[in-house]
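One-letter residues, chain by chain:
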Amino acid sequence: MTEAGRGSAAAFRDWVCAGGRPTQEEWFRVLPPHRKIADAPEWHACIAVAAAAGDQIAALWRDLLPITEPTRVSSSHWTPLPQPGCLSRNLLAAEVALARGCYDLAITFVEHSLEQSEFAHAPPALVDELYAVYLAAVLRSGDRERSESIIDSMVQAGRTQKLISVLVRLWNSHSFDELIWLAESVENRIELEPHQVYDLQRIRVFAAPLANSLSLDNLCRVSREYGEWIERLPIPVCKPKEPSSRSRLRVGILWADVSAGISVPALTHRDRTLYECILYTNHTRPSEYWQMVGEFDAVKVISDIDVAAAASAIVEDDLDILVVLDNLGIPNIERVITAKPAPKIAFYGNCLMTTGLRSVDAILIPPDLIEQSTRSQFSESIVSFDMAIMGSGYLPSTMIEPFDNIVTPPIIGTVASSFKLNRLWMERVAAILRAVPEATVQLDVYSPRLENGGYLLRIAEDLRISPDRLTLRLGVQFTPLAQRLAPLSLVIDTAPLGSNLTALQCLSAGVPLLTCPDERPGSRHAMTILRAIGEESLIATSEEDLVARAVALLTNREELRRLRRSLPDQVRSSGIADPFVVARVFESALLAVLGR
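(A) Inspection of the sheet that holds strand 3 (residues 298-301) at higher detail. Reading across the sheet, the seven strands line up as 3-2-1-4-5-6-7 and stay open at both edges, with parallel pairing between neighbours. Sheet topology places strand 3 and strand 7 (381-384) at the edges, where each strand pairs with a single neighbour. Shown here is a sheet whose adjacent strand axes are inclined to one another by a mean of 25°, direction ignored. Pairing geometry for strand 4 (residues 321-324) and strand 5 (residues 345-348), over three bridges, is parallel. Counted as the bridge partner of V323 is A346 from strand 5.

The structure is reproduced here in structure tokens:
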């Protein structure tokens, strides 16, 4: 959201807190930035009713909109609303309770609605959303038996497609082990349409790298099963052209979700005498991402990744190699790849597990991200290159100017996307806080759903982290990263999916980052960066070792000061963020795949 948009939302919140009555148009304007529902038409009927509800609904959202502090809502403050026609009010009340981590309370609101006589005549969209909140609250409360009962109720009511939508929504729920179980439970008990099976398969592939319980063996098993299932789908037949005689290689970049946050210096500083580069993307609207367009010789928009059209477009360009910068699970990307529209296909860098696709020839990967002993789990050739970066690489502009302040008392924390923060991370923090009584923790969360704040607060309460030792800030993408990092004495890496760009940014600013890698590639990004800059003192060998190293650092101001001063120079002198070096390494990897 723009600065102007953020100001409008703040003004709206203040007006609601003062007792203002939102109109339907005003609800539409304020809800998307806070609820991430701009593209959720099933909410329209609910909001239309809520807009007319007046002060009562305003009072509920008064507690919801400013959720930036570690406070909990007592159940004694809430009572179900029994007036006729109040289903939408109960739904919004349940949403507030879910956002605050009060799962039993959210369940109470929904069950009260299900018992009302008007429920049988309620608009389908409203009923669907009640079930969605119901399943989300029950899943997060850890009650699998009741979750299965809700699934059965939705199936019996003919709401199978909505059930799939609920699972997609729960992707950002943190409970990734539960989500995989739930997807498998749905698939095993319902006869699904092919597109519904595809949605469930994608959920499993997306969630697997974030599930604490899955080993690398199981991760790769999930992706291989996904690849085998993809290869059974109807795939257009492609016959790549024989490379013509030309002075330059022709390289295609398949990047459905072009990101400005992680740029590719290999494209910005590439050797244009060696190869030309064509981008294939499904972005259809102008944005800041399109600043990347100038780095390509051509851009082809393949909207919605229409498989046959995309494969044909790639074949016509007579590529030598197609490099994929997306992860598994992007709709239809795998089907395009399986069509084999180029003689060679490689995935570049951000490897979390094997693709499981026979059409993929290689994974281009930094050293150490995949252990030698685990390479047999991958169906592709592993092409390592001598650069310890997450595949996409970084420009110097992503780094932060160092600062030398030592905060007293110490503050530990992280700056991370909401889906990376989970119970495992909070358990690490709780152990450190017990050992260092004067320390506090600060969580800066990117692009959250509001209910994720409640989830984290609920875990903190379970782990007996005192509210006065925890600061939770949501939506921090509006605050400069340097400002968010400045108060931190130490950053604790997330797990099982660790940081990559954030790790480099922390270290470039002089903020130590402790990591604890395991065999899974997604946990090893920060380790590869720390090894590249020569600071292995920040790589723990176990959970206990991570806590011990954190305590030793937080109680040793001289060592903290040494790291503050040395880390920025170590990053800048390592070549890890030198776009010219990255470009040459990328080009060498391409030539290795092509056997040149």
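(B) Fine view of the layout of surface pockets. For the second largest pocket, the calculated volume is near 310 Å³. Forming the walls of the second largest pocket are 19 residues, and the residues nearest its centre are R140, S175, E178, R423 and Y455. Looking at the lining of the second largest pocket, the elements with two or more residues in it are helix 7 (124-140), helix 10 (176-189) and helix 17 (450-462). Ranked by the residues each element gives to the lining of the second largest pocket, the list is headed by helix 17, at four residues. When the residues that make up the lining of the second largest pocket are grouped by side-chain class, the tally is seven nonpolar, six polar and six charged.

(C) A look at the packing of helix 11 (residues 194-207) against helix 12 (residues 216-231). Axis separation between helix 11 and helix 12 bottoms out at 10 Å; the angle between their running directions is 155°. As far as their axial angle goes, helix 12 and helix 11 are roughly antiparallel. Helix 11 and helix 12 meet at a crossing whose hand is left-handed. Of the residues in helix 12, those in contact with P194, V197, Y198, Q201, R202, R204 and V205 of helix 11 are R221, V222, E225, Y226, W229 and I230.

(D) Region of interest: the pairing of strand 5. Along strand 5, one buried face is formed by I345 and F347 and the opposite face, lined by A346 and Y348, is buried too. Of the crossover connections in this fold, the one passing from strand 4 over helix 15 (residues 333-338) to the parallel strand 5 is right-handed. Bridge count between strand 5 and strand 6 (residues 362-365): three bridges; the pairing is parallel. Across the sheet, A346 pairs through a bridge with A362, a residue of strand 6.

(E) Spotlight on the packing of helix 6 (residues 103-114) against helix 7. At their nearest, the axes of helix 6 and helix 7 sit 9 Å apart, and the two run at 145° to each other. With respect to the hand of their crossing, helix 6 and helix 7 are arranged in left-handed fashion. Facing Y103, A106, I107, V110, E111, S113 and L114 of helix 6, the residues of helix 7 in contact are L130, V133, Y134, A137, V138 and R140. In the contact of helix 6 with helix 7, the residues fall into ten nonpolar, one polar and two charged.

(F) Focus on the pattern of salt bridges. All chains considered together, the criterion is met by 22 salt bridges. D297 serves as the salt-bridge partner of R270, at 2.9 Å between the closest nitrogen and oxygen. Placement of R270 in the loop between helix 13 (265-268) and strand 2 (275-281) and of D297 in the loop between strand 2 and strand 3 is noted, with a sequence separation of 27 residues between them. Taking relative accessible area as the criterion, R270 reaches 5% and is therefore assigned buried. Judged by relative accessible area, D297 falls into the partly exposed class, the value being 39%. Linking R423 and E427 is a salt bridge whose minimum nitrogen-to-oxygen distance equals 3.5 Å. Here the residue R423 and the residue E427 both occupy positions in helix 16 (residues 423-435), the gap between them amounting to four residues, near one helical turn. Residues joined in a network through salt bridges with shared partners are E184, R204, R221 and E225.

(G) Region of the structure containing the nonpolar core. Ranked by internal contacts, the top residues of the largest apolar core, which has 157 residues, are L254, I337, L443, L485 and L507. Looking at this core, the element that brings in the most residues is helix 7, giving twelve residues. Here L507 is in contact with L513, I529, L530, I533, L538, L567, P568 and V571, once residues within four sequence places are set aside. Residues I253, L267, F296 and L364 belong to the second largest nonpolar core, which totals 25 residues.

(H) Inspection of the pairing of strand 8 (residues 411-417) at higher detail. With six of its seven residues buried, strand 8 lies for the most part within the structure. Regarding the hand of the β-α-β motif, the stretch spanning strand 8, helix 16 and strand 9 (residues 440-446) is right-handed. With two bridges joining them, strand 8 and strand 11 (residues 490-492) adopt parallel strand pairing. Paired with G413 across the strands is V491, a residue of strand 11.

Parameters and conventions
Residues numbered from 1 in each chain as written. Predicted model: local features only at pLDDT ≥ 70, side-chain atom pairs only at ≥ 80, totals over all residues. Heavy atoms only, no water. Pairing = 2+ DSSP bridges. Helix = DSSP H or I, 4+ residues; strand = E, 2+ residues; numbered from the N terminus. Axes fitted to C-alpha atoms, helices over the stretch in contact; angles between N-to-C directions. 1 Å grid on protein atoms, 1.4 Å probe; cavity = no way out; pocket = protein on both sides within 12 Å on 5 of 7 lines; lining within 4 Å. Points joined across faces, edges and corners; volume = space filled by probe spheres on them. Nonpolar A, V, L, I, M, F, W, Y, C, P; charged D, E, K, R; others polar. Parallel < 35°, antiparallel > 145°, perpendicular 65-115°, else oblique. Left-handed = near helix turned anticlockwise from the far one by under 90°. Contact = heavy atoms within 4.5 Å. Buried < 20%, exposed > 50% of the residue type's maximum accessible area, 1.4 Å probe, protein only. Right-handed = clockwise from strand over helix to strand, strands pointing away. Salt bridge = Lys/Arg side-chain N within 4 Å of Asp/Glu carboxyl O. Core = buried A, V, L, I, M, F, W, Y, C linked by side-chain atoms within 4.5 Å.

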